[in-house]
Amino acid sequence: MIKLNKISSAFLAVNRNSVLAKSLCATALMCMVTFPATSQETPEAPEEDLEVIQVKGIRGTIQSSNNIKKLSTSIVDGLSSEDIGDLPALSIGEALETLTGAASHTEQGGATEISIRGLGPFLGSTVFNGREAANGSGDRSVNFSQFPSELFNKIAIYKTQEASLIEGGVAGQISLETVKPLDYGKRRFQAQVKGNWNPDESDINDSARDFGTRLTASFVDQYETDRFGEIGFSIGVQKDVKSNPEQEARSTSGFADCRLDPNTPYGIYSTSGDDCDDDDSGLNPNGDGGVNYNIDPETGLPIDDGVPYVFAPSSYSYRQNITDDDRESYFAAVQWRPSEKFEMNVDLEVSDRLFSETRNDLVFANSKRLDDPTVVREGQFDTPLVISDSGSLISGTNYQRIETLSTYIERLEKYKGGGVSFIYDMSDVFSVSADLSYSETERRESLYHTRLQSEPTDILGNAVEGAADGGYINTAIEIGQNGSLIPIMSVRNFDVTNPNNFADAARTRVDLNQYRNNSITALRTDFEYLPDSDVFSQIKGGLRFSKLEFDSVPRSRDEFTNDDDDVVYAAVAACQNSQFPESGFLSSVTGGQALITNYDNDGNVIAEGTGNGFATFDPLCLARAVIGDDPVIPEPRDTVANVDVDEETFAVYLQANYDTLIGDYTVRGNFGVRYVNTDVTSIGLRGPLESTVNSDGSITVSEVAGELIEVEGGGSYSEILPSFNAVMDLSDDVLLRGAVYRALSRPSPSDLGFGRAFTGLTEDGEEAEDISAAIGTAIANGNPNLKPFTSWNADLAIEWYPNEDTVLALGGYYKSFEGGFENTSVNETFNVDGEDLETIVTTQQTTEDTSTIFGVEMTATHAFSYLPSVLSNMGVKVSYNWADSDFEVEDANFGASNIINSDGSITERVGIVPAAEIFGFSENVASAQLYYQDGGFNAQLIYKYRSEYFQQYVSTPGNLRYVGDKGQYEARVSYKLDSNWKFSLEAINLFNEPKRQFNPTPDNFSEVNVYGPRIFAGVTYKH
C-alpha cells in the first residue's frame, strides 16, 4: 500500500536498502505502513545471520527520540515507545515537557497547556490522531492532563510547518497518536495499577482520600480471515481517582490605582474614609480616587503625570482546599485491511472527569481602605505605608472587615472524539484517502458559597473587643518581607480561629459558574502520488472542511441573605468545624512567620488567633441554614454576556516531497502551499435592562426576561501559507536543516464573542451602590472581527549524530508577526429601567503592527556506555530554548489605549504599567535529564525550568497576569522483573516549588499556589 510518510518516503526514494528503512522506521514508530517496491532495482543482499540488539527502557526511548529528530524532513522533536504505556511520564503534559522548547502551565499540580519555544499555547496547535481536539477552556489549547500517557504510543512536536499539516501553529504543532492494531502486529494485554500519595494530603484531617488509585488496562489483537482480510482492534480504559491538594494565598484581580497624593482629599488621603478608589468630595475630575492618565490636549501630557499611586485590591485572602478528582478515560480502535489496496480505520476516545472541591477562605475584605499615614486611629498598627516604584504595596495598615467564605464546587468535563478514515490504492503509484472526525467537550461547573463577616458581638452575646461598629478591625499587612512569598497579616484583638466571631451578613450564593460547549466537525480528503522521478519522491494534496462551534453562558446566580440573628447564630454553632482542617498550612511560603498574628492593645501577642489557621465551616450545612432548604443550582440564563460562535474553515493544499543529490550531498525535504478561508459568525443578545437593589444596599443590573433579541457579528479572512523544508546530509552523521514558511494562529473561540459584561457584576463583594456605577464600565467579551496572527518564519539548524545515543543539535529561528492586539474603548448606550445610560465598552482588536520573535534552541543527548563500571549505565539529555520578542500587550485597565468618544473624537490614554510580551512567552525554557539503566532497572532525575510569562485570564483576557519563573524536579525509578512484570516509583515537584502569580505588574502580588510533591507507585503486567 502507498501509505508513505515524511520519514519513510525519504528513504525509499533514494533507493536505500529497504531492510534498513524498515528498521529505522520501526525504531521511530513512524512507519505504520507496508513498503511497495521501489522504481529502481535493488541488488540482492547476501544472506547472513544478524544479531539484533534492541535497547529498551529510558535509553531506548531517548534513542527513538533521536531517530524521530534525525529522520524527519521537518524540525521535529518527539517520543515514541514500542509498547502502550511505556512513555516515561505521568501524563502527556509531563512527557511533552521533556522535549526541547516545550513548557507547561500548571493547574492543580499537573501540567496542562503546553507552550512551544516559550510561546503561548494559542500560538500552537494540537492534533489527536491527526485531528483537532475540542476543549472546555474557551481557547484552542488542549488540557493534556485529561489524556493519560499510558494510552499513547507516540507524541511529537512539529516546529516547522508543512502544507499538509492542519493550519494553526505559529509556534508549532503537537501530534498525539494512539496505536493502530494491525501495524502494532502482535497480541498484547496490559494492566497497570498505580497508587498515588500526596504528602500534603496527609496533613488534611477530613480529606476526600488519603491515597489515589490509577487503574489502566488495554488489549490489542489481530485476526486474518479468508473472506474479510486482516482485522485488528485495540481497546483501553483508565480509572484515575485522586486528590489535588492546594494551598493558596490570593488577592482579587480587580486592582484599583489609588492616588498617593497628600495634596488631594481623595485616594489614600481620602477625607471620606471610604475605599481609596472612591471620591465623595466631588473634587476629582476623573470621578474616582485613581490617577487620570488621559492626555491633556493643552499640555500633551497625562493629566496626572507624575502623581504616585498604589495598586490596591478589593481583598486579600487565604484559601484551604479539600479536593476529589475522578476521571475515566476510554479508547477503542478498529483497523480493517480487506486487501492490499484498501484499509479502513475507526477510533473513539472518551474522557469523563468529575472534580469536586471544598474551599475554606479567610478574607480581609476591605483592602482598598488603606489608612492615611498622616492620621492615626486608636488601635492602628504602626506599620509604615511602603509602596514600590511600580506601585506595588509592600506594607501598610487597614481598617476592614474580616470574612469567612465556605464554598463547595463541582466541575464535570466530558470529552468525546473520534472518526473514521480510509485509504485506497488506485494503482501502485496513486492512492486516495479520506477522514471524517468529530470532537466535543462539555464543561459544567456549579458552586455554592456562604459568607459570614466579623461583628462586634459574637453568637454567644459576648463583645468582640477588636471589632468596632460594622465589624471593622485594625489590621496591618506586609508582603514579601522576611523571606515570605505571601501577605503576612496582623490583627488587633480579633481571634480569626474562633468561628463564633463570624456572625454577621450571612449571604449564600448558588451559582452555575461555567457552562461551556465546544465541538469540531471536520472532513478531509487527500491523495498521494509517487512520481517516476530522480528528484520528487512524493506529490500529495488535499482539502479539508471544519466547523468549530463554541457557546458559553455566563454565571447564573441565585443569592440569598438571612437577617434573622437566631437562625444565623444557630447555623454558626451547628456548622462550624472543630479545628482547622490542615496542619502546616502555607508554612512553606511564610518564611517561618505566622500567617496571622493577633495583638492586644499593648502590642503583646495573643496566642488565640495567632498561627496559620482560621475558622472554617461546612459549606452545605451553612447554605441550607441561610436558604432554609437544600440549594438548587440555577439553570443557564440568556444574558447580554452570552457567547455563541460558529467558525467554518475551508483549506486546500499541494505538497511535493523531494529526495535528490546536489553534488555529493543528499538533500531531502518538502515544499508546498496551503490556502485557508475562514468565516466567523457570532451571535450576541441585546435588550432592556433592569436594576435590583439588594438587601445590603448594592445594585445589580440584569436583563428583562423575555425581551432579548439576537444581534449578529462576524467576519472572514483568507490566507495563503507557503512552506519549504530542506535537510542536507553534510556527512553520515551531520545534518543541516532549514525551513521557511508562513503560518497563522487564530484567536480563541471565546475571544470571538459578541456579548457585553458589566464590571458592576463582580464576585468580590464590591457591587455598585448606584445605577450609574453598575452600568458604568462594560467589557466586551470578545470581538467577532478579530483576525488571526500570521507570521513569516525561518529556521536553521545543524545536528550531529555520532552514534545512536548521541545528539548535539543547535538551531535558530525567526518569526515576523503581522498583527498585534490593542485595547479600544467605545461609548455604547444601554436602556436601564427605561432610561438610556451611556457606558464605555472596552474591547480588543487586531492591529496591522508588526513584531518579531527570534530564538535559539539546543538539544544534547549522550550515553556514557564507554566508561567503566556503573558509569557505563548512565546518560544525559539536556535541552534549552532562549527567545526574545518585541511584541507588546497592553493591560485593559492600566495600559495604553485609545478611547472613542460618543462624538467620534479619540482620547489617548498613556499606560501606567508596562506592556506584557505575547501571551505565554517565556524568555528561557530548559530541561535536563540524568538517567541510569542497568538491565531491567531504570532511573531518571529530571529538572524543568520556565521563566516568567504572561498568562491570560479566560473571562478578562485583557488583564495582565504574570506567572513567575519556576524550576521543578521530578524523579522516576522502574524495574522490569521479566517480560511480564514491571514495578515503578515516580515523583513530581519533589521540592514543593510553588506557583507565583502577579497582576497587573510583574512584581505586584496576585496569588501563590502550593501543591506539594506528588508520588506514584505502580505495577504493570503485560502478556
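For the structure, check the block above.
The present account deals with the structure reproduced in this document. Position numbers for residues start from 1 in each chain and track the written sequence from start to end. For a predicted model such as this one, the threshold for reporting local features is a pLDDT of at least 70, and the threshold for listing and counting side-chain atom pairs is 80 or more; totals across whole chains, interfaces and linings nevertheless cover every residue. Each side-chain value is derived from all of the structure's non-hydrogen atoms; neither hydrogens nor water enter the calculation.

Secondary structure assignment for the chain yields 8 helices and 49 strands. Burial classes: relative accessible area under 20% of the type maximum marks a residue as buried, over 50% as exposed, and values in between as partly exposed (1.4 Å probe, protein chains only). Relative to its full complement of 1023 residues, the chain shows a buried share of 58%. The contacts in the chain between residues at least 6 apart in sequence include a share of 75% that link residues at least 24 apart. To qualify as a helix, a DSSP run of H or I must reach at least 4 residues; to qualify as a strand, a run of E must reach at least 2; elements of each kind are numbered from the N terminus. The contact rule is simple, with two residues in contact once any of their heavy atoms fall within 4.5 Å.

The next thing to look at is the state of the cysteines. A pair of cysteine sulfur atoms is labelled a disulfide when the two atoms are within 2.5 Å. Within the structure shown, the criterion is met by 2 disulfides. The disulfide that involves C258 links it to C276, with 2.0 Å between the sulfurs. Every disulfide takes its handedness from the sign of the S-S torsion; for C258 and C276 that torsion is 60°, giving right-handed. Pair noted here: C258 is in strand β12 (residues 256-259) and C276 is in the loop between β12 and β13 (309-312), with a separation of 18 residues, a long-range link.

This paragraph deals with unusual backbone geometry. The omega torsion of the bond from N999 to P1000 falls at -5°, within 30 degrees of zero and hence cis. Its identity is not glycine, yet S869 carries a phi of approximately 55°, on the positive side. Relative to the helices and strands, S869 is located in the loop between β37 (835-863) and β38 (874-885). In the Ramachandran plot, N992 falls in the positive-phi region, its phi being about 55° despite a non-glycine side chain. Tracing the sequence through the fold places N992 in the loop between β46 (981-988) and β47 (995-998).

As a further point, take the pattern of salt bridges. Salt bridge, as used here: a side-chain nitrogen of Lys or Arg that lies within 4 Å of a carboxyl oxygen of Asp or Glu. Tallying each qualifying case throughout the model produces 48 salt bridges. Across the salt bridge formed by D183 and R337, the nearest N and O atoms sit 3.3 Å from each other. Highlighted residues: D183 in helix α5 (residues 181-184) and R337 in strand β14 (residues 316-339), separated in sequence by 154 residues. The exposure class assigned to D183 is partly exposed, which follows from its relative accessible area of 23%. Using a relative accessible area of 7% as the deciding quantity, one classes R337 as buried. With a closest N to O distance of 2.4 Å, R637 and D558 form a salt bridge.

What makes two strands pair is DSSP finding at least two bridges between them. The mixed open sheet is built from 6 strands, whose spatial order is β16-β17-β20-β21-β25-β26. Bordering the open sheet on either side are β16 (386-387) and β26 (605-611), each of which pairs with just one other strand. Bridge count for strand β17 (residues 393-400) against strand β20 (residues 473-479) is 6 bridges, and the pairing is antiparallel. Paired with N398 across the bridge in β20 is T475.

What follows concerns the nonpolar core. Residues belong to a common nonpolar core when they are buried Ala, Val, Leu, Ile, Met, Phe, Trp, Tyr or Cys residues joined through side-chain atoms within 4.5 Å. Within the largest apolar cluster, 50 residues are counted, with the highest numbers of intra-cluster contacts made by Y318, L362, I402 and L586. Broken down by element, the residue count for this core peaks at 5 residues, all from helix α6 (residues 565-575). The contact partners of I402, leaving out residues within four places of it in the chain, are L362, V363, F364, L452, Q453, S454, I473, T475, V491, F494, V496 and F502. Grouped together as the second largest cluster of nonpolar side chains are 41 residues, L99, I114, V170 and A743 included.

Note on strand geometry: in a regular strand, side chains alternate between the two faces of the sheet. Where burial is concerned, most of strand β21 (residues 487-492) is hidden: 6 out of the 6 residues are buried. Residues P487, M489 and V491 point to one face of β21 and I488, S490 and R492 to the other, with burial holding for every one of them. In this structure, β20 lies alongside β21, joined through 5 bridges in antiparallel fashion. Directly across from T475, in β21, lies its bridge partner V491. Relative to strand β25 (residues 596-599), β21 is paired through 4 bridges, and the arrangement is parallel. Across the sheet, the residue bridging to S490 is T597, located in β25.

Now for the sheet that holds strand β7 (residues 172-177). Taking strand neighbours across the sheet as the criterion, the 5 strands line up as β1-β6-β7-β4-β5 in an open arrangement whose pairing is mixed. The open sheet terminates on both sides in strands that have one partner only, identified here as β1 (76-80) and β5 (131-132). Here β1 pairs with strand β6 (residues 154-158) via 5 bridges, running antiparallel. Residue pairing for β6: G78 is matched across the bridge by A156.

Further remarks concern the pairing of β26. For β25 and β26, the ladder comprises 3 bridges, and the chain directions are antiparallel. Each bridged residue has a counterpart across the sheet, and for N598 the counterpart in β26 is I606. A loop of 5 residues connects β25 with β26, the two strands running antiparallel in sequence, and G603 in this loop sits at a positive phi of about 85°.

Okay, helix α3 (residues 57-71) next. Multiplying one less than the number of residues by 1.5 Å gives the expected span of a helix. In this model, α3 (15 residues) spans 21 Å end to end at C-alpha, consistent with the 21 Å of a helix rising 1.5 Å per residue. Residues of α3 that are buried: I58, G60, T61, I62, Q63, S64, S65, N66, N67, I68, K69 and L71.

Each Phe, Tyr or Trp ring, with Trp reduced to its six-membered ring, pairs with another whose centre is within 6.5 Å; inter-plane angles below 30 degrees give stacked pairs, above 60 give edge-to-face pairs, and intermediate values give tilted ones. Inspection of every chain in the model, using the stated rule, returns 29 aromatic pairs. Considering the side-chain rings of F919 and F950, the 6.1 Å spacing of their centres and the 65° angle between planes classify their relative orientation as edge-to-face. Separated by 31 residues along the polypeptide, F919 in the loop between β40 (906-909) and β41 (924-934) and F950 in strand β43 (residues 949-950) bring together distant segments of the chain. A relative accessible area of 7% places F919 in the buried class. Pairing Y932 with F937 gives two aromatic rings, centres 6.1 Å apart and planes at 65°, and the pair type is edge-to-face.

Note that all results are geometric; they support no functional claim without further evidence.
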